[in-house]
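For reference, the chains in residue letters:
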Amino acid sequence: QVQLVESGGGLVQPGGSLRLSCAASGSIGAIYAMAWYRQAPGNQRELVAHIFSSGTNYADSVKGRFTISADNAKNTVYLEMNSLKPEDTAVYYCNANIRDSGSFGGEDYWGQGTQVTVSS
């Protein structure tokens, strides 16, 4: 009923940039928050960036380098990643708290993940 579709991952050299996109589709009643997480092999999934109507927050490891933004009309969230480092290599997952059109409360949804590899 609700689906998140991610795009924009790939291979980039250290110091490079990528922009990830995540579009929500389906019977959406409201999107309360959207976020990006990442997970490297052997690591826990970690929150990278968060966006609410009231603002944004970032993991310390990406603060100053990454920017999360949203286009409400398109139900899309973006993650602009600059000055990429090898340690940014991970699968990046879009997350959204969404109330679908047939529900009262919001639920978490996840995208399929997109691979970001930072390597020379």
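Note that this is a predicted model, so its numbers are computed, not measured.

Participant: Quick rundown of the nonpolar core? Include the residues and the values.
Facilitator: Counting residues in each nonpolar core, the largest one holds 29 residues, and the members touching the most others are Trp36, Leu79, Met81 and Tyr92. Elements with a minimum of two residues in this core: strand 1 (2-7), strand 3 (18-26), strand 4 (28-39), strand 5 (46-52), strand 7 (66-71), strand 8 (76-81), strand 9 (90-100) and strand 11 (114-118). Sorting elements by how many residues they give to this core places strand 9 first, with five residues.

Participant: Describe the state of the cysteines, naming the residues involved and giving the relevant values.
Facilitator: All chains considered together, the criterion is met by one disulfide. Put simply, Cys22 and Cys94 are joined by a disulfide, and their sulfur atoms are 2.1 Å apart. The sign of the S-S torsion, about -80°, decides the handedness of the disulfide formed by Cys22 and Cys94: left-handed. Here the residue Cys22 occupies a position in strand 3, and Cys94 occupies one in strand 9, the gap between them amounting to 72 residues.

Participant: With reference to specific residues and values, describe the pattern of salt bridges.
Facilitator: Side chains that differ in sign of charge can pair as their charged atoms come close. If you walk through the whole model with that rule in mind, you get four salt bridges. Among the ionic pairs, Lys63 bridges to Asp60, the shortest N-O distance being 3.1 Å. Taken as a pair, Lys63 and Asp60 share a single burial class, namely exposed. Notably, a salt bridge pairs Asp88 with Arg65, separated by 2.8 Å at the nearest N-O pair. Linking Asp88 in the loop between strand 8 and strand 9 with Arg65 in the loop between strand 6 (55-58) and strand 7, this pair joins segments that are 23 residues apart in sequence. Owing to a relative accessible area of 0%, Asp88 belongs among the buried residues under this scheme. Among the ionic contacts, a cluster of salt bridges with common partners joins Arg38, Glu46, Arg65 and Asp88.

Participant: Tell me about the packing of aromatic side chains, and name the residues and values.
Facilitator: A complete count under the given rule lists one aromatic pair for this structure. In this structure, Arg45 packs its charged tip against the face of Tyr93, placed 3.8 Å from the ring centre.

Participant: Could you give me a rundown of the sheet that holds strand 7, with the residues and numbers involved?
Facilitator: Two pairing modes exist for strands in a sheet, parallel and antiparallel, and in both the strands are linked by backbone hydrogen bonds. Here four strands make up an open sheet; going across it, the order is 1-3-8-7 and the pairing antiparallel. Of all the strands in the sheet, the pair left with one neighbour each is strand 1 and strand 7. Pairwise comparison of adjacent strand axes, ignoring direction, gives a mean angle of 15° for this sheet.

Participant: Break down the pairing of strand 5 for me, with residues and values.
Facilitator: Looking at chain direction, strand 4 and strand 5 are connected through six bridges and run antiparallel. Each bridged residue has a counterpart across the sheet, and for Arg38 the counterpart in strand 5 is Glu46. The turn joining strand 4 and strand 5, which pair antiparallel and follow one another in sequence, is formed by six residues; a positive phi near 80° is taken by Gly42. Sheet topology places strand 5 next to strand 6; four bridges connect them, and they run antiparallel. Its bridge partner being in strand 6, Phe52 is matched across the sheet by Gly55. The turn joining strand 5 and strand 6, which pair antiparallel and follow one another in sequence, is formed by two residues.

Reading guide: rules and limits
- Residues numbered from 1 in each chain as written.
- Predicted model: local features only at pLDDT ≥ 70, side-chain atom pairs only at ≥ 80, totals over all residues.
- Heavy atoms only, no water.
- Core = buried A, V, L, I, M, F, W, Y, C linked by side-chain atoms within 4.5 Å.
- Buried < 20%, exposed > 50% of the residue type's maximum accessible area, 1.4 Å probe, protein only.
- Helix = DSSP H or I, 4+ residues; strand = E, 2+ residues; numbered from the N terminus.
- Disulfide = S-S within 2.5 Å.
- Salt bridge = Lys/Arg side-chain N within 4 Å of Asp/Glu carboxyl O.
- Phe/Tyr/Trp six-rings, centres within 6.5 Å; stacked < 30°, edge-to-face > 60°.
- Lys NZ or Arg CZ within 6 Å of the ring centre and 35° of its normal.
- Pairing = 2+ DSSP bridges.
- Axes fitted to C-alpha atoms, helices over the stretch in contact; angles between N-to-C directions.

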